[in-house]
Amino acid sequence: MWLGGRSWLPVLGQVCSSLRCLAFARTWGACRGPMAERLSTGAEAASGLGAPAQQNGDAGGEPRGEQPPGHPEPAGSEVEPVSGDAKQPSGNGERAPDAAPGPGKRKKRRGAVGERVVPPPKKRRAGVSFGDEHFAETSYYFEGGLRKVRPYYFDFRTYCKGRWVGHSLLHVFGTEFRAQPLAYYEAAVRAGRLHLNEEPVQDLSIVLKDNDFLRNTVHRHEPPVTAEPIRLLAENEDVVVVDKPSSIPVHPCGRFRHNTVIFILGKEHQLKELHPLHRLDRLTSGVLMFAKTAAVSERIHEQVRDRQLEKEYVCRVAGEFPAEEVTCKEPILVVSYKVGVCRVDPQGKACESVFQRLSYNGHSSVVRCRPLTGRTHQIRVHLQFLGHPILNDPIYNSAAWGPSRGRGGHIPKTDEELLRDLVAEHQAKQSLDVLDLCGGDLCPGPPDSTAPSSELSKDCLEEIAISAQKMDGAVEAAPRDLDGVPVASGKATKTGVVNQETDPLCSECRRVPQDPSPQDLVMFLHALSYKGPDFEYHSPMPAWARDDWQEH
């Protein structure tokens, strides 16, 4: 029986072998997905077979790398670009739920519906990235007491915003870029001035996707500013201190680029890569400090955060200001960032200003102001609340605030009505630049997509577009610097296009704007001194603050 039982030994060996194969198969089945994925990825990298990005962003390749500092970050930068066969998001910008990943596939990171949107990185401080190539884009000329900028070409650049995803370029231009009629953008397409992912746009009906990159070449006109020079008050190895005239912005913003303190200092005083240490409103004059290095900038900003700095202003206000010292602690709320209007409101931010009358001439008072906090338009809003607005303040001494002009916080209208009346007043005076607005900002809603331009018919725009196509330099306007401001292209520079002052597609070239008088560009608010633990700078008292000044 024993000997006969040996016949089962071969069978037992086969069973053991089968069990070992089954265990190996299970182990292989568990790991073959990830291994296959790694092998496939490695093969694609070695052979360069990754999906290329198609024209106008119809397919996404690999996600872009880290954005340069200060450059606008694309919407959904944490999300891989939508591939050509992916589902389009709904019209409101929400994404459909992702399907469960199949075996051996990585799950793509996508923002869930309702997930908090991560803001883009902050821009670099104004001025640091500007150099000779920016300053050479155009030149100044002086006329009637005004500093003017010769028109020039540059690019507006932006990544696709989240709310644009799933919408056509036609829809985006018709709802968010209303400074021009849709007929203009159609003509710009024919002239080759609109680019998507650095490819010329052929049709405005193309639907935008995540990470699409838009570039729009335009002909730029800047508003004039005062011709009064920027005087240097002090300069050493750490800082530059100037006496800023009224009407000149500190750094590029809105419609201003070359007509700014940063550009004028770079072009006329060869002072470059400056870091603004504090800001002054465009209409405010006086002491303005810049750091020459990032280290000095950080040191002084630390002093600002620790409340170690003292600022003193002087202004001329309406009426007889009280002789005794007045302290105002009313909180201030921003009504509109776009228009630049604030008011006193219990829901606003806490702030404090101290005022002392210096003189009174029977009609207006000169007042010294010490802001203990740094809210937007703080001095101007507090003086309005006290019933003594700055004499020629174009915003806070306007009849748009009602009969009392905002005294005591009494404003007999809604914020929307206030903004409407302010804009209407300055539109009638042709002084929208005071509000940093242009005509295209005033459209109440999306224009009719089929309506031609109010100034030119579509047929006329087509003829203009044909002539514009011949201007190769304008089509090839080059890249901008990292904080979103334009840079002249090499080709444009070589062909002289950056000096060309007229453009067939530019509506501003067909207008004859009314220049402001130099007196209209002065507001009676002046930064008199700026003092810190180891520095103190003063500017002269302006003419309108002197005892012998006469009102005109």
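Scoring rules and cut-offs
Residues numbered from 1 in each chain as written. Predicted model: local features only at pLDDT ≥ 70, side-chain atom pairs only at ≥ 80, totals over all residues. Heavy atoms only, no water. Helix = DSSP H or I, 4+ residues; strand = E, 2+ residues; numbered from the N terminus. Buried < 20%, exposed > 50% of the residue type's maximum accessible area, 1.4 Å probe, protein only. Contact = heavy atoms within 4.5 Å. Salt bridge = Lys/Arg side-chain N within 4 Å of Asp/Glu carboxyl O. Pairing = 2+ DSSP bridges. pLDDT = per-residue confidence, 0-100. Phe/Tyr/Trp six-rings, centres within 6.5 Å; stacked < 30°, edge-to-face > 60°. Lys NZ or Arg CZ within 6 Å of the ring centre and 35° of its normal. Axes fitted to C-alpha atoms, helices over the stretch in contact; angles between N-to-C directions. Polar contact = N/O pair within 3.5 Å; in protein donor to acceptor, adjacent residues only side chain to side chain. Parallel < 35°, antiparallel > 145°, perpendicular 65-115°, else oblique. Left-handed = near helix turned anticlockwise from the far one by under 90°. Nonpolar A, V, L, I, M, F, W, Y, C, P; charged D, E, K, R; others polar. Disulfide = S-S within 2.5 Å.

### So, the overall build of the protein
For the protein, the count of helices and strands is eleven helices and 19 strands. Taking all 552 residues of the protein together, 43% fall into the buried category. Sequence separation of at least 24 residues holds for 68% of the intrachain contacts in the protein that already meet a minimum separation of 6.

### Considerations on unusual backbone geometry
Excluding glycine, a negative phi dihedral is what most residues carry, and trans is how most peptide bonds are arranged. Even without being glycine, Glu198 reaches a positive phi, approximately 65 degrees. With respect to the element layout, Glu198 can be found in the loop between strand E4 (194-196) and strand E5 (199-200). Look at Glu198 and you get partly exposed, because its relative accessible area is 39%.

### Focus on the pattern of salt bridges
Evaluated as defined, the whole model comprises 29 salt bridges. Between Arg257 and Glu137 there is a salt bridge, and its shortest N-O distance comes to 2.8 Å. Pair noted here: Arg257 is in the loop between strand E9 (239-244) and helix H5 (261-268) and Glu137 is in the loop between helix H2 (132-135) and strand E1 (140-143), with a separation of 120 residues, a long-range link. We classify Arg257 as buried; its relative accessible area is 2%. Here Asp421 ties to Arg420 by a salt bridge, and the two come within 3.1 Å at their closest N and O atoms.

### Notes on helix H3 (residues 169-176)
Because each turn of an α-helix spans 3.6 residues, side chains separated by three or four positions in sequence point in the same direction. What H3 keeps buried is the set Leu169, Val172, Phe173 and Gly174. On its buried face, H3 is in contact with helix H4 (182-190), E4 and strand E6 (213-220).

### Description of the sheet that holds strand E3 (residues 152-159)
Sheet strands line up and pair through hydrogen bonds in the backbone, either parallel or antiparallel. Across the sheet, which stays open at both edges, the four strands sit in the order E3-E6-E4-E5 with antiparallel pairing between neighbours. Both edges of this open sheet fall to E3 and E5, since each of them pairs with a single strand only. Strand direction decides the pairing type here: E4 and E5, joined by two bridges, are antiparallel. Directly across from His195, in E5, lies its bridge partner Pro200.

### Looking at the confidence of the model for the protein
Across the protein, the average pLDDT comes to 74, with 64% of residues at 70 or higher. Contacts of residues 1-9 to residues separated by more than four positions or lying in other chains number zero contacts, the stretch itself having pLDDT below 50. Long-range and interchain partners of residues 115-122, a stretch whose pLDDT sits below 50, account for five contacts in this model, where long-range means more than four residues apart.

### Notes on the pairing of strand E17 (residues 364-371)
In regular strands, side chains alternate between the two faces of the sheet. Judged by how many residues are buried, E17 sits mostly within the fold: six of eight residues are covered. Bridge analysis of strand E12 (residues 310-318) against E17 gives six bridges, and the strand direction is antiparallel. Bridge pairing links Ala318 to Ser364 in E17. As paired elements, strand E16 (residues 353-360) and E17 share seven bridges and run antiparallel to each other. Looking at the pairing, Ser359 lines up with Val366 of E17. Between E16 and E17, which pair antiparallel one after the other, the connecting turn spans three residues, and Gly362 there sits at a positive phi close to 100 degrees.

### Description of the packing of aromatic side chains
The description of an aromatic ring pair rests on the distance of the ring centres and on the angle between the ring planes. One pass over the full model with this rule turns up 15 aromatic pairs. A centroid spacing of 5.8 Å and a plane angle of 25 degrees characterise the contact between Phe535 and Tyr537, whose relative ring orientation is stacked. Connected via pairs of aromatic rings, a cluster forms that spans Trp164, Phe173, Phe177, Tyr184 and Tyr185. Seen from the ring of Tyr140, Arg147 lies directly overhead, with NZ or CZ sitting 4.7 Å from the centre. Over the ring of Tyr140 we find Lys267; its NZ or CZ atom is 4.9 Å from the centre of that ring.

### Some details on the sheet that holds E1
Strand order across the open sheet formed by three strands is E1-E2-E7, with antiparallel pairing between neighbours. The open sheet terminates on both sides in strands that have one partner only, identified here as E1 and strand E7 (225-226). Where strand E2 (residues 146-149) meets E7, two bridges bridge the pair, whose relative direction is antiparallel. The partner of Arg147 across the bridge, within E7, is Val225. Along the sheet, H5 makes contact with E1 and E2, crossing E1 at roughly 105 degrees.

### Quick look at helix H7 (residues 378-385)
With eight of its eight residues buried, H7 lies for the most part within the structure. Every buried residue of H7 is listed here: Gln378, Ile379, Arg380, Val381, His382, Leu383, Gln384 and Phe385. Of the residues flanking the end of H7, it is Gly387, one or two places downstream, whose phi is positive at about 85 degrees.

### A look at the environment of Glu198
In this structure the C-alpha to C-alpha distance between Glu198 and Leu214, which are 16 residues apart in sequence, comes to 7.6 Å. Apart from the residues within four sequence positions on either side, Glu198 is in contact with Arg157, Phe213 and Arg215. Of the polar contacts made by the side chain of Glu198, one reaches the side chain of Arg215; its length is 2.9 Å.

### Some words on the environment of Val296
Structurally, the position occupied by Val296 is in helix H6 (residues 294-305). On a C-alpha basis, the gap between Val296 and Glu237 in space is 9.8 Å, while along the polypeptide they are 59 residues apart.

### A word on the packing of H3 against H4
Put simply, H3 and H4 touch, their axes get as near as 10 Å, and they point 135 degrees apart. Of the possible angle classes, the one that applies to H3 and H4 is oblique. The hand of the H3/H4 crossing is right-handed. In contact with Leu170, Phe173 and Gly174 of H3, H4 contributes Leu182, Tyr185 and Glu186. Across the contact of H3 with H4, the residue classes break down as four nonpolar, one polar and one charged.

### Regarding the state of the cysteines
Per the stated rule, a full pass over the model turns up zero disulfides. Of all cysteine sulfurs in the structure, the one in Cys328 sits closest to Cys351, which takes part in no disulfide; the separation is 7.2 Å. Between Cys509, a cysteine without a disulfide, and Cys506, which holds the nearest cysteine sulfur, the sulfur-to-sulfur distance is 3.6 Å.

### A look at the environment of Cys315
Residue position: Cys315 is located in strand E12. Separated by 51 residues in the primary sequence, Cys315 and Val366 place their C-alpha atoms 5.6 Å from one another. Residue contacts for Cys315: discarding those within four places in its chain leaves Ser365, Val366, Val367, Cys369, Leu383, Ile390, Phe524, Leu525 and Trp544.

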